[in-house]
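What follows is each chain in one-letter form.
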Amino acid sequence: MYRRIKAGQPDPTRGNLKGKRLALMTKEVLGHTKMLNFTGSGIAHWFVMIGFVALFGTLVTAYGQILDPKFHLPIIGLWAPYNLFVEAIAWLTGISIVALIGIRQVTRVVRKGKASRFFGSYSGRAYFVEAVILVIVFCVLTLRGLEGALIGYQGNPWDFAFSRPVVNAFADVGDSDLEQLISLVAALKIVVSMSWFIIVASNLRMGVAWHRFLAPFNIFFKRNVDVAPTLGALPEMLSKGAPIDFEDPKEDDVFGIGKAADISWKGLLDMASCTECGRCQSQCPAWHTEKPLSPKLLIMAMRDHALAKVPSDAPIVGETISPDVLWSCTTCGACVNECPVDIEHIDHIVNMRRFQVLVESEFPTELGGTFRNLEKAGNPWGANRTDRNAWIAECDFPVQVIEGELPESVEYLFWVGCAGAFEERAKKTTKAVAELLYMAGVNFAVLGKRETCTGDPARRAGNEFLYQILSRENIETFKEVYSNYKGKKKVVVTCPHCFTTIGRDYKQQGYELEMVHHTQLLNTLVKEGRLKPVNRATNKLTYHDPCYLGRHNQIYEPPRELLESTGVEVIEMPRNKERSFCCGAGGGRMWMEEKLGTRINLNRVDEAIATGAAEVAVGCPFCRVMVSDGMTGRGSDVAVLDVAQALLRTVKSEGNKSSTEQTSDVSAPINAAEDKAKSEVDKDNSNDSAPFNTDASAD
């Protein structure tokens, strides 16, 4: 196994901060931090894991007992605390494995077919492992009972505190028979244990067993040395361990993953560590909407291909994984967030996409137009660059546009983004944020026509070459803007995708900015008293966590705190925060049609409608489009608005009207504000104002 993994492509990014990695790995393994997301099975699994290590001494003892039934380990063999510990762990391991067997079988009965997280897992291998553990626990406790009967309770009475019933069961057996039984049970324990080792060693694809050895290493070598999940920036494209120079690539450079030999050693370690538990599958929006993608089955297929006894040189996509599987991913991060052994599913998917786009030129037809628009117009819709400032003309307050360097007096650079500048629904968010900043006295400025797409859609869809072009253009613009700026380089954005790409991905090219999402900044302004909700709302509202704000960046509370400050009652959907359900727009899917299964956004809006809330608040322009279109598709009158709009309508007073949000009834400002927001969002849901969204017409 070591030789097969070591033969993978080099990845020198995994060996830094060894002390911190060791501490994080120890905490995650011993604390079972991710396993405890499924509390019952997590606790049971912890005891089975501890038993696998703690009962190793009983295997050593068994070898001695074949020759001498009275054999015990030197020093600790007759030590009462050690024997008490062994018996307690044996019982707890036995009870826990029975509980895990029960959980597996109940899940298979209650959630039949694809509804079960174990669908597609190799059940026979799991049953074998469970049976071995049961036999080992039986042998350990039986041996303890036989040992106690043989010595007749001589020694410390605590020695057999948890095995007294077993000792009593053999109390009337003669010493000669007891010695023979000890040797036989010890031999059984050895045979079963060694058979397990031999079977596992002969099958490198048996992840349900191999994870016992490999999971700690996989956690140790995870991409981000952080307690947070391995999400955020995508990894750089490496070839033979070094970043690819896209201006002058080498002839033998490896572009993404096309075959088994292209997978890095960390990728192979990921695949070999997969336990087939299906937690990733149980949270995947593609799988929940009848798409062919299951993160678990994808990793299993890659493992079976790459770690076969006879290595295959066949292409992975097309031979092992269908293109429909590859392009169903929204990169929402639910799989990575749930995986108890920190497998990096998204990285493997994007690396296969990179090969398909850059080498094979095989990708969904719709993306061809998106790539051309990004290249020629600097935005995925192909809108005219000169129209990036059009939203400013609709504001009745001044918005500063930076033509040269950023003045020291400007505290925040407001990155509007493509959606915020061109998409009609997102423009409402842009204007609301700008007006709130203006009202709070925040000195901000925008780049206007100097902005171009961050490259997020291109990168997540596999077009790394185009991403490099777009990102370098933006980085050069930032360098010009901040060339003589002395303060902190703070950028506020309304799009979590821009937030992630500029804030994390651009660091790989050596450029770093302090990124702030608009919900964070507005929440701070409210707490500081610079924005005061005066027309407090009384309606019920539910909040949809954007994947790239929540799971990818761990920002959950600021939007909720901001909404609560307005007086609304926030009703949580069943799937929220780290387990929020995707809107379906990430990973470039905003510009691809959903031709398989049911629509992800419809699945999500069904959940929102079921809360009974009158409104759905979002913090992402992509989410706003998808949720709005979903409401239209369901014929629902539930309103959709951005968190900034929810705040803006409450900080308004009768003497402070604007074109962005106005109230018309002094005697009932709350109702007027709510009615105005409702009518604005109803217009949003009509689709007439969303000419750029390819999914809108289909919905």
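So, how was this worked out
- Residues numbered from 1 in each chain as written.
- Predicted model: local features only at pLDDT ≥ 70, side-chain atom pairs only at ≥ 80, totals over all residues.
- Heavy atoms only, no water.
- Helix = DSSP H or I, 4+ residues; strand = E, 2+ residues; numbered from the N terminus.
- Rg over C-alpha atoms; globule rule 2.2 N^0.38 Å.
- Buried < 20%, exposed > 50% of the residue type's maximum accessible area, 1.4 Å probe, protein only.
- Areas by Shrake-Rupley, 256 points an atom, 1.4 Å probe, with all protein chains shown as cover.
- Lys, Arg positive; Asp, Glu negative; His and termini not counted.
- Charge placed at Lys NZ, Arg CZ, Asp CG, Glu CD.
- pLDDT = per-residue confidence, 0-100.
- Contact = heavy atoms within 4.5 Å.
- Patch = residues over 30% accessible without salt bridge, like charges linked within 9 Å, V, L, I, M, F, W, Y side chains within 5 Å.
- Salt bridge = Lys/Arg side-chain N within 4 Å of Asp/Glu carboxyl O.
- Polar contact = N/O pair within 3.5 Å; in protein donor to acceptor, adjacent residues only side chain to side chain.
- Pairing = 2+ DSSP bridges.
- Axes fitted to C-alpha atoms, helices over the stretch in contact; angles between N-to-C directions.
- Phe/Tyr/Trp six-rings, centres within 6.5 Å; stacked < 30°, edge-to-face > 60°.
- Lys NZ or Arg CZ within 6 Å of the ring centre and 35° of its normal.
- Disulfide = S-S within 2.5 Å.
- Core = buried A, V, L, I, M, F, W, Y, C linked by side-chain atoms within 4.5 Å.

**A short note on the overall build of the protein**
Looking only at helices and strands, the protein has 29 helices and eleven strands in total. The C-alpha radius of gyration computed for the protein amounts to 30 Å, which stays within 12% of the reference 27 Å derived for 699 residues, consistent with globular compactness. For the protein, the C-alpha atoms occupy an extent of roughly 100 × 65 × 50 Å along the three principal directions. Here the protein holds 699 residues, and the buried ones make up 60% of them. Looking at the protein as shown, the accessible area adds up to about 27500 Å², and 58% of this sits on carbon and sulfur atoms. With 77 positive and 81 negative side-chain charges, the protein shows a separation of 3 Å between the mean positions of the two kinds.

**A few points about the confidence of the model for the protein**
Low-confidence regions, as indicated by low pLDDT, have predicted coordinates that should not be scrutinised in detail. Summary statistics for the protein give a mean pLDDT of 89 and a share of 93% for residues scoring 70 or more. When the criterion is pLDDT under 50, residues 657-699 qualifies, and its contacts beyond four places in sequence or with other chains add up to 100 contacts.

**Considerations on a nonpolar patch on the surface**
The grouping of Tyr-63, Met-194, Phe-197 and Ile-198 at the surface amounts to a nonpolar patch, some 370 Å² of accessible area in total. For the nonpolar patch, the element with the most residues is helix H8 (residues 175-201), which contributes three residues. Along the chain, Tyr-63 falls in helix H4 (residues 56-67).

**Focus on the side chain of Arg-354**
Along the chain, the position of Arg-354 falls in helix H16 (residues 345-360). Of the polar contacts made by the side chain of Arg-354, one reaches the side chain of Asn-351; its length is 3.0 Å. Every residue in contact with Arg-354, bar those within four places of it in the chain, is listed here: Leu-234, Pro-235, Glu-236, Met-237, Phe-255, Gly-256, Val-359, Arg-459, Gly-462 and Glu-464.

**Notes on the sheet that holds strand S8 (residues 540-543)**
Strand order across the open sheet formed by four strands is S9-S8-S10-S11, with parallel pairing between neighbours. With partners counted over all chains shown, the strands left at the sheet margins are strand S9 (569-570) and strand S11 (639-642), one partner each. When S8 meets S9, the two strands line up parallel, connected through two bridges. In the sheet register, Lys-540 faces S9, and the bridge partner there is Glu-569. Lying on the sheet, helix H27 (residues 643-651) is in contact with S8, strand S10 (615-618) and S11; it crosses S11 at an angle near 90 degrees.

**Here's the deal with the packing of aromatic side chains**
Scanning all chains against the criterion turns up 22 aromatic pairs. Seen from their ring centres, Trp-46 and Phe-47 are 5.1 Å apart, and the 85 degrees between their planes marks the pair as edge-to-face. Its relative accessible area of 29% is what places Trp-46 among the partly exposed residues. Among the residues examined, Phe-47 registers a relative accessible area of 21% and is labelled partly exposed. Site record: aromatic cluster; members linked through ring pairs are Phe-52, Trp-196, Phe-197, Trp-210 and Phe-213. The ring of Phe-118 has Arg-104 lying over it, and the distance from NZ or CZ to the ring centre is 4.4 Å. One residue, Arg-212, lies across the ring of Phe-52, its end atom 5.9 Å from the ring centre.

**Some words on the pattern of salt bridges**
This structure, assessed with the given rule, holds 42 salt bridges. Between Glu-338 and Arg-579 there is a salt bridge whose closest N-O contact spans 2.7 Å. Of this pair, Glu-338 sits in helix H15 (residues 334-338) while Arg-579 sits in the loop between S9 and helix H25 (600-610), and the two are 241 residues apart along the sequence. Overall, Arg-579 belongs to the partly exposed group, its relative accessible area being 26%. If you follow the salt bridges from partner to partner, you end up with Arg-354, Asp-456, Arg-459, Arg-460, Glu-464 and Asp-505 in one network.

**Things to note about the state of the cysteines**
Any covalent bond linking the sulfur atoms of two cysteines counts as a disulfide. Applying the stated rule across the entire model yields zero disulfides. Considering cysteine sulfurs only, Cys-453 is the nearest to Cys-418, which forms no disulfide, with 4.2 Å between them. A residue is classified by how much of its surface remains accessible, and Cys-418, at 8% relative accessible area, is buried. With relative accessibility at 4%, the residue Cys-453 sits in the buried group.

**Structural notes on the nonpolar core**
Residues Phe-478 and Tyr-482 are the most contacted members of the largest nonpolar core, which totals 163 residues. Broken down by element, this core gets its largest block of residues, eight residues, from helix H6 (residues 123-151). Every residue in contact with Tyr-482, bar those within four places of it in the chain, is listed here: Leu-406, Leu-413, Lys-489, Lys-490, Val-491, Tyr-511 and Leu-513. Judged by nonpolar contacts, the second largest core, of twelve residues, contains Ala-62, Leu-146, Ile-182 and Ile-190.

**Remarks on the sheet that holds strand S4 (residues 412-415)**
Read across the sheet, five strands follow the order S3-S5-S4-S6-S7 without closing on themselves; strand pairing throughout is parallel. Edge positions in the sheet fall to strand S3 (400-401) and strand S7 (514-517), since each has one partner strand and no second. Note: S3 against strand S5 (residues 444-446), two bridges, orientation parallel. Bridge pairing links Val-401 to Val-446 in S5. Sheet strands touched by helix H23 (residues 518-527): S4, strand S6 (490-493) and S7. Its angle to S7, the strand with the most contacts, is close to 75 degrees.

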